Amino acid sequence: NAGVTQTPKFRVLKTGQSMTLLCAQDMNHEYMYWYRQDPGMGLRLIHYSVGEGTTAKGEVPDGYNVSRLKKQNFLLGLESAAPSQTSVYFCASTRAKSKLSSGNTIYFGEGSWLTVV
Amino acid sequence: DQQVKQNSPSLSVQEGRISILNCDYTNSMFDYFLWYKKYPAEGPTFLISISSIKDKNEDGRFTVFLNKSAKHLSLHIVPSQPGDSAVYFCAASGGSGGSNYKLTFGKGTLLTVNP
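Because the structure is predicted, anything quoted here is derived from the model rather than measured.

Participant: What is the right way to read the overall build of chain B from this model?
Facilitator: Of the regular secondary structure elements, chain B holds zero helices and eleven strands. Taken from the N to the C terminus, the helices and strands of chain B come in the order β-β-β-β-β-β-β-β-β-β-β. For 115 residues, the compact-globule formula gives about 13 Å, and the C-alpha radius of gyration of chain B, at 14 Å, lands near that figure. With respect to the principal axes defined by its C-alpha atoms, chain B has extents near 45 × 30 × 20 Å. Relative to its full complement of 115 residues, chain B shows a buried share of 46%.

Rendered as C-alpha cells:
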C-alpha cells in the first residue's frame, strides 16, 4: 500500500517555465490537498479538492492551477514559475466525506522539493 | 491573520523529562484539532487529535489538552525520547463551508530531546 505518492521528488526550474506535480493516492480518499512549506511559515494550503472533478482555492492559490480528473490523482500546475514558488510541496488526502472529525486522519506524501532559479 | 499560532519556534528538553508544546487559535469555529510530527525530508505524520467536545485525549506517551475558553491546546510528551526530536505542527479545522474540509496549520515548533 503506497499511500500518498508525489512525483517528482526534486526539480529545478528556470523562471517562466511550466511544470506539473503529480499526487496519487491508493486509499480511495475523497479529499485531496496541496500545501507548501516555507521556512518559518508552516504549511499553507494552495488548493484542495473534495471529490473527483472538484477543486477549490486555499490560502495561497495565486500562480497555481489544479485538476482532479480522476479520484486518485490531484495535479498541481505552475504555468510560469517564479522564484517565490521555490518551496517544498506536500500533497495530502483523507477519506472524509463530510467535515473533518475524529477518525479522519489526513495522510501526507513525502514532499516535492522545487527550486526556481 | 494567523488563526493558529505556535509562539515557540523551538524547545529543548532532556531525555526522560516532559515536553510541553503549546498552540493558540483565534477562530472560535474550530472544533477539531490535530498534532503532526515532521522529520527533515519527510512528510508530516499524524500524531494525535482532539475534538472540541473533549478536553483531553491520551495515546501512550502523548496527551493533548484543550482549553476552549482560552482557545489553547497543548501537547505533552512523557517521557521524552531522543527519537521525538522533530518539528511539531498544530492544526485545526471547523467552521462554515470549506473550512470544515481543510486544516489550518501553525508555523511549527522544533523539539530537540537531548540524551
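Next comes the rest of the account.
Participant: What is the right way to read the pairing of strand S7 (residues 62–67) of chain B from this model?
Facilitator: The two faces of the sheet receive side chains in turn, since in a regular strand these alternate between them. All names here are of chain B. Where strand S6 (residues 56–59) lies against S7, four bridges are found, and the strand directions are antiparallel. The residue of S7 that forms the bridge with glutamate 58 is threonine 63. Between S6 and the antiparallel strand that follows it, S7, lie two residues; glycine 60 among them carries a positive phi value of about 65°. Here S7 runs beside strand S8 (residues 72–77); their pairing, made up of six bridges, is antiparallel. Within S8, the residue paired with phenylalanine 65 across the bridge is serine 74. Connecting the antiparallel pair S7 and S8 is a turn made up of four residues, with lysine 71 showing a positive phi of about 50°.

Calculation criteria
Residues numbered from 1 in each chain as written. Chains lettered and ligands numbered in written order. Predicted model: local features only at pLDDT ≥ 70, side-chain atom pairs only at ≥ 80, totals over all residues. Heavy atoms only, no water. Helix = DSSP H or I, 4+ residues; strand = E, 2+ residues; numbered from the N terminus. Rg over C-alpha atoms; globule rule 2.2 N^0.38 Å. Buried < 20%, exposed > 50% of the residue type's maximum accessible area, 1.4 Å probe, protein only. Pairing = 2+ DSSP bridges.

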